[in-house]
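Residue strings, one per chain:
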Amino acid sequence: MTADPVPAPRGLTRQDVFSTLGALSAVLTLVTAVMFYFGWRRSDAQARAMSIDVSLFGYSTQDYVLRSISSLYLPLLVLLGAGLVFLELHSRVSRRLGVSRQTPVEARASALAWTRRVTIGCAVIAGSCVLFALSAGSRTPSRPVAWLAELLRDSQWVVPLVLVAATLTGSYVWWVHRQLRPDPATRNSLWQSLLPSALIAGTVVLGGFWMLEEYAAAVGRGYAQQLADNVDRLAQTVILSSKPLGIVAAGVAEDRSGAADSPDVRYRTSGLRLLARSGGNVLLVHDGWAPATGTVIVLPDSDEFGWEFSR
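Residues numbered from 1 in each chain as written. Predicted model: local features only at pLDDT ≥ 70, side-chain atom pairs only at ≥ 80, totals over all residues. Heavy atoms only, no water.

A word on the overall build of the protein
Then, in step 1: Looking only at helices and strands, one finds six helices and six strands in the protein.
Then, in step 2: Counted from the first residue to the last, the protein has its helices and strands arranged as α-α-α-α-α-α-β-β-β-β-β-β.
Then, in step 3: Per-residue burial over the protein gives 29% buried out of 311 residues.
Then, in step 4: Looking at the protein as shown, the accessible area adds up to about 20,700 Å², and 63% of this sits on carbon and sulfur atoms. (Helix = DSSP H or I, 4+ residues; strand = E, 2+ residues; numbered from the N terminus. Buried < 20%, exposed > 50% of the residue type's maximum accessible area, 1.4 Å probe, protein only. Areas by Shrake-Rupley, 256 points an atom, 1.4 Å probe, with all protein chains shown as cover.)

Notes on the confidence of the model for the protein
Then, in step 1: The predicted model of the protein has a mean per-residue pLDDT of 83, with 89% of residues at 70 or higher.
Then, in step 2: Confidence, read as mean pLDDT per element, is least for helix H1 (residues 14-49) in the protein (83) and greatest for helix H5 (residues 158-180) (91). (pLDDT = per-residue confidence, 0-100.)

A closer look at a nonpolar patch on the surface
Then, in step 1: A contiguous nonpolar surface patch, about 260 Å² in accessible area, is contributed by Val-17, Leu-21 and Leu-24.
Then, in step 2: The residue Leu-21 is located in helix H1 in this model.
Then, in step 3: Residue class for Leu-21 comes out partly exposed when judged on its relative accessible area of 49%. (Patch = residues over 30% accessible without salt bridge, like charges linked within 9 Å, V, L, I, M, F, W, Y side chains within 5 Å. Salt bridge = Lys/Arg side-chain N within 4 Å of Asp/Glu carboxyl O.)

A word on the pairing of strand S4 (residues 281-286)
Then, in step 1: Among the six residues in S4, five count as buried, and that is most of the element.
Then, in step 2: Of the pairings in the sheet, the one linking strand S3 (residues 266-278) to S4 comprises six bridges and is antiparallel in character. Residue pairing for S4: Ala-276 is matched across the bridge by Leu-283.
Then, in step 3: As consecutive antiparallel partners, S3 and S4 are separated by two residues, and within that stretch Gly-279 has a phi angle of approximately 60°, a positive value.
Then, in step 4: Sheet topology places S4 next to strand S5 (residues 296-300); five bridges connect them, and they run antiparallel. Note that in S5 the partner of Val-282 across the bridge is Leu-299. (Pairing = 2+ DSSP bridges.)

Examining unusual backbone geometry
Then, in step 1: At Ser-51, a position not held by glycine, the phi torsion is positive, near 65°.
Then, in step 2: Along the polypeptide, Ser-51 turns up in the loop between H1 and helix H2 (61-98).

Looking at the layout of surface pockets
Then, in step 1: A volume near 1,800 Å³ is recorded for the largest pocket.
Then, in step 2: Along the wall of the largest pocket there are 45 residues; nearest its centre are Leu-79, Ala-82, Val-164, Ala-165 and Leu-168.
Then, in step 3: At the level of secondary structure, the elements contributing two or more residues to the lining of the largest pocket comprise H1, H2, helix H3 (105-136), H5 and helix H6 (190-229).
Then, in step 4: The element best represented in the lining of the largest pocket is H2, accounting for 15 residues.
Then, in step 5: What lines the second largest pocket is a set of 19 residues, and nearest its centre among them are Gly-170, Ser-171, Trp-174, Pro-196 and Ile-200.
Then, in step 6: Where the lining of the second largest pocket is concerned, the elements lending two or more residues are H3, H5 and H6.
Then, in step 7: The leading source of residues in the lining of the second largest pocket is H5, at seven residues.
Then, in step 8: Grouping the constituent residues of the lining of the second largest pocket by class yields eight nonpolar, nine polar and two charged. (1 Å grid on protein atoms, 1.4 Å probe; cavity = no way out; pocket = protein on both sides within 12 Å on 5 of 7 lines; lining within 4 Å. Points joined across faces, edges and corners; volume = space filled by probe spheres on them. Nonpolar A, V, L, I, M, F, W, Y, C, P; charged D, E, K, R; others polar.)

Quick notes on the packing of aromatic side chains
Then, in step 1: Taken as a whole and judged by the stated rule, the model has ten aromatic pairs.
Then, in step 2: Seen from their ring centres, Tyr-59 and Tyr-64 are 5.7 Å apart, and the 90° between their planes marks the pair as edge-to-face.
Then, in step 3: Ring-pair connections join several aromatic residues into one group, and the members of that group are Phe-36, Phe-57, Tyr-59 and Tyr-64.
Then, in step 4: Directly above the ring of Tyr-223 sits Arg-42, whose terminal nitrogen or CZ lies 4.1 Å from the centroid. (Phe/Tyr/Trp six-rings, centres within 6.5 Å; stacked < 30°, edge-to-face > 60°. Lys NZ or Arg CZ within 6 Å of the ring centre and 35° of its normal.)

Thoughts on a positive patch on the surface
Then, in step 1: On the surface, a cluster of positive charge is made up of Arg-116, Arg-117, Arg-178 and Arg-181.
Then, in step 2: Looking at the element boundaries, Arg-178 is found in helix H5. (Lys, Arg positive; Asp, Glu negative; His and termini not counted. Charge placed at Lys NZ, Arg CZ, Asp CG, Glu CD.)

So, in structure tokens, the structure goes:
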């Protein structure tokens, strides 16, 4: 009796290609959505700091995505670095767990107690972050909470960062704790095994989006302050028009050439700085502009105006 022939390895099929493309498409869609939200939140915080509405910029989806790229370099590098550190740490922990059966009973008990205390401490820290956010958002926060909230006013992303870090650290240390324990006599039901993982994953995802939102807002406020400190570095703008624009702002001057009733009359408006050109509009600020007291001028990007730009 002859043995059955070994089946030849199957090559790459069309279904494999479609499955891979579908997975890549889903990841790309998720990344694009995150970048769009980051860009919108950053622009919205910048607009609020400038005392205007983000809709005045008229940015498209592509504009929001492109504006988020330069601001995400540092978080992505930190995330990748943390991932590499975790992989190295996990390999070391796995090797130690592999030989943990031969360790003395006293050492195992000490490790169990240490991992239990670390897990409880991480849970307390994560819960404190949530309670702090709820208390800081109330109408009458306590004095310590108000002091800490004022201290973190420009770095509010620190709170969700600590929440996510404490949740991940506590979950991993608890996994190590369970690996150190003897095998339990009874096994948990399916929902008892899946529910903790679902709660941890939900906490990490929500905390990550919270951190992303606060970091984007901090970047937007920073751009607004940078703009206020460097208004004189924006391009000087002169508007040529056939009708007076009537712009009332500090430093803005309007000169007329020709008689008022002449068809060749021209008005020259100076003292402006180019802020942005998007969505069919031109956004301008004036010399000496400041977020609290300045004025943002919005004009249509049409042929009825002539533009002069200079440094």
